[in-house]
Amino acid sequence: MKIIDFLEMLFPRSGDKKSSFKAKERLQMVLAHDRATITPDLISSMRREILEVVARYVDVDIKEMEFGLENNQRITSLIANLPIRQVKRPGNEKIKSKVSADTFSGVDNTSPPEQPLSEK
Amino acid sequence: MSRIIVITSGKGGVGKTTVTSNLGAAIANLGRKVALVDADFGLRNLDLLLGLEERVVYTALDVLAGECRLAQALVKDKRLNGLVLLPAAQNRNKESVEPEQMKTIITALAKGYDYIIVDSPAGIELGFRNSIVAAKEALIVTTPEIAAVRDADRVIGLLEAEGVSKINLIVNRIKPHMIEENKMMSVEDVLELLGVPLIGVIPDNEAVIVSTNKGEPLILGDPGSLPALAFKNIAQRLEGEKVPFLNFASDQGNILTKLRRIFGG
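Residues numbered from 1 in each chain as written. Chains lettered and ligands numbered in written order. Predicted model: local features only at pLDDT ≥ 70, side-chain atom pairs only at ≥ 80, totals over all residues.

## Digging into the overall build of chain A
Across its full length, chain A carries five helices and four strands. Along the chain direction, N to C, the helices and strands of chain A fall in the order α-α-α-α-β-β-β-α-β. Here chain A holds 120 residues, and the buried ones make up 3% of them. Intrachain contacts of chain A at a sequence separation of at least 6 include 58% that bridge at least 24 residues. (Helix = DSSP H or I, 4+ residues; strand = E, 2+ residues; numbered from the N terminus. Buried ≥ 20, exposed ≤ 12 C-beta atoms within 10 Å, placed from the backbone. Contact = placed C-beta atoms within 7 Å.)

Right, here's the structure in full:
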């Protein structure tokens, strides 16, 4: 064994020390992608239609929402997290705007406290 | 009821044919009747690894063409009672076999054997579809390498889509000293990524190459070796026995690995 090999063994270069972790990480990414046989177009039209339905009942915070595919143990799931700004009350638009005004008054932060709705 | 098992991997060169020949021999050694089918038309090698290449007269294509009976094409292994090989054609175009024809042959074979083990070609094209058409079970062979694991995942997805639900994993060419130094993914890593049950772990071992050189399955040529034991264990697990997995955590590592282990590094 050359001295340089010996030194490398004592002080392994961080680059190749944990290459197995790197392999696993890269595979996790690539497998999630490979397994998702649903095209991005399909996802975005699904997202639009689901939002349309949900928007009939509640105001969804579109900026904060999450919508996508996840892989776990060979099962692909659609994960949607749609934070609700407020619940719409059927046939009473006035109450809605009043509640909304009250909620916002005196609060510096523009986003109102909300209960995120998660569907799994 | 005979079991029809396809051995496949997606990626080439991970050891499908080596696994087929050694596992076939190990199952036959347990007293079962085993027919090995080489589905790698055009690039056959199973006859070579079994040491039967000089005894091949007819192939699966001759059976399909009606030039011989199925029984005539089967090459009996004289060393192991109950082990036969159905060779693939070497000379003709591999596109000339259709899945339905393959199914006919394998179904006919199933009448006389406990196990039909089909050695699939690499890739996911027609040859692969031919090899899985009659299969009820699959053994996925992979190595702890990034490309092999990715291709294994593709193949598992395709098998599931074809309704082959009994899928087990064989991780081949494990190098324990590299795993200890985190230079190779561990069997656990591969299992976590692929999410199918493990049925065998085979160490990277010189005995495997020596046995292929001689055309002598490990169970015959070097039955005491570590990989021979690994194949024997897989055969027993297929038979429904609970056999603990071999622990290769080894003395193979160099002195510093050992020191690190002692000092908990």
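## Here we look at the nonpolar core
Of all hydrophobic cores here, the largest spans 84 residues; its most connected members are Ile116(B), Ile117(B) and Ile140(B). The contact partners of Ile116(B), leaving out residues within four places of it in the chain, are Ser2(B), Ile4(B), Ala35(B), Val37(B), Ile106(B), Leu109(B) and Ala110(B). (Core = buried A, V, L, I, M, F, W, Y, C linked by C-beta atoms within 7 Å.)

## Remarks on the sheet that holds strand β8 (residues 198–203) of chain B
Residue and element names in this part refer to chain B. With respect to topology, eight strands assemble into an open sheet ordered β3-β4-β2-β5-β1-β6-β7-β8, the strand pairing being mixed. The sheet is open, and its two borders are formed by β3 (75–76) and β8, each paired with just one other strand. Inspection of the sheet shows strand β7 (residues 166–174) paired to β8 by four bridges, in the parallel sense. For Val171, the partnering residue across the bridge sits in β8 and is Val201. Lying on the sheet, helix α1 (residues 16–29) is in contact with β1 (3–8), β2 (34–38), β4 (83–86), β5 (115–119), β6 (137–142) and β7; it crosses β5 at an angle near 165°. Taken strand by strand, helix α7 (residues 146–161) contacts β1, β6 and β7, and its axis lies near 170° from that of β6. (Pairing = 2+ DSSP bridges. Axes fitted to C-alpha atoms, helices over the stretch in contact; angles between N-to-C directions.)

## Regarding the environment of Val155(B)
All names here are of chain B. Tracing the chain through its elements places Val155 in helix α7. Of the residues examined, Val155 has 25 C-beta atoms within 10 Å and is grouped as buried. Residues Val155 and Ser9, 146 residues apart in the sequence, show an inter-C-alpha distance of 6.7 Å. Once you skip the residues sitting within four places of it in the chain, Val155 turns out to touch Thr8, Ser9, Gly10, Ile124 and Ile140.

## Details of the confidence of the model for chain A
Looking at chain A, pLDDT values average 71 and 58% of them are 70 or higher. Low pLDDT, under 50, characterises residues 93–120 of chain A; the stretch is placed with 21 contacts to residues that sit more than four places away or in other chains. (pLDDT = per-residue confidence, 0-100.)

## A closer look at the interface of chain B and chain A
Counting from both sides, the interface comprises 14 residues of chain B and, opposite them, 17 residues of chain A. Of all the elements in the fold, those that place two or more residues in the side of chain B that touches chain A are α7 and α9 (187–194) of chain B. Among the elements that line the side of chain B that touches chain A, the one with the most residues is α7(B), at six residues. For the side of chain B that touches chain A, a count of residues per class yields six nonpolar, three polar and five charged. (Nonpolar A, V, L, I, M, F, W, Y, C, P; charged D, E, K, R; others polar.)

## As for the packing of α7(B) against α9(B)
Residues and elements named next belong to chain B. Between α7 and α9, the shortest axis-to-axis distance is 10 Å and the interhelical angle comes to 35°. The element α7 and its partner α9 pack so that their crossing is right-handed. Contacts from Val149, Ala152, Asp153 and Ile156 of α7 reach α9 at Val190, Leu193 and Leu194. The class makeup of the residues in the contact of α7 with α9 is six nonpolar, no polar and one charged. (Left-handed = near helix turned anticlockwise from the far one by under 90°.)

## Here's the deal with the packing of α1(B) against helix α12 (residues 226–238) of chain B
Residue and element names in this part refer to chain B. Close contact between α1 and α12 brings their axes to 8 Å; oriented N to C, the two are set at 60°. The angle between the axes of α1 and α12 places the two elements in the oblique class. Here α1 runs over α12; the crossing is right-handed. From α1, Asn22, Leu23, Ala26 and Ile27 reach across to α12, where they touch Phe231, Lys232, Ile234, Ala235 and Leu238. Tallied by class, residues from the contact of α1 with α12 come to seven nonpolar, one polar and one charged. (Parallel < 35°, antiparallel > 145°, perpendicular 65-115°, else oblique.)

## What to know about α12(B)
Residues and elements named next belong to chain B. Helix length check: α12, at 13 residues, gives a terminal C-alpha distance of 19 Å against a target of 18 Å (1.5 Å per residue), a fit within 8%. Listing the buried residues of α12 in full gives Pro227, Ala228, Ala230, Phe231, Lys232, Asn233, Ile234, Ala235 and Leu238. Residues of α12 that are buried sit in contact with α1, β7, β8, α10 (206–214) and α11 (218–221). Just downstream of α12 lies Gly240, where phi reads positive at about 95°. (Expected span 1.5 Å × (residues − 1).)

## Observations regarding the environment of Leu198(B)
All names here are of chain B. By secondary structure assignment, the location of Leu198 is in strand β8. Taking the number of C-beta atoms within 10 Å as the measure of exposure, Leu198 has 16 and is therefore partly exposed. In sequence terms Leu198 and Val171 are 27 residues apart; their C-alpha atoms lie 8.0 Å from each other. Ignoring any residue separated from it by four or fewer positions in sequence, one finds Leu198 in contact with Leu169, Val187 and Leu191.

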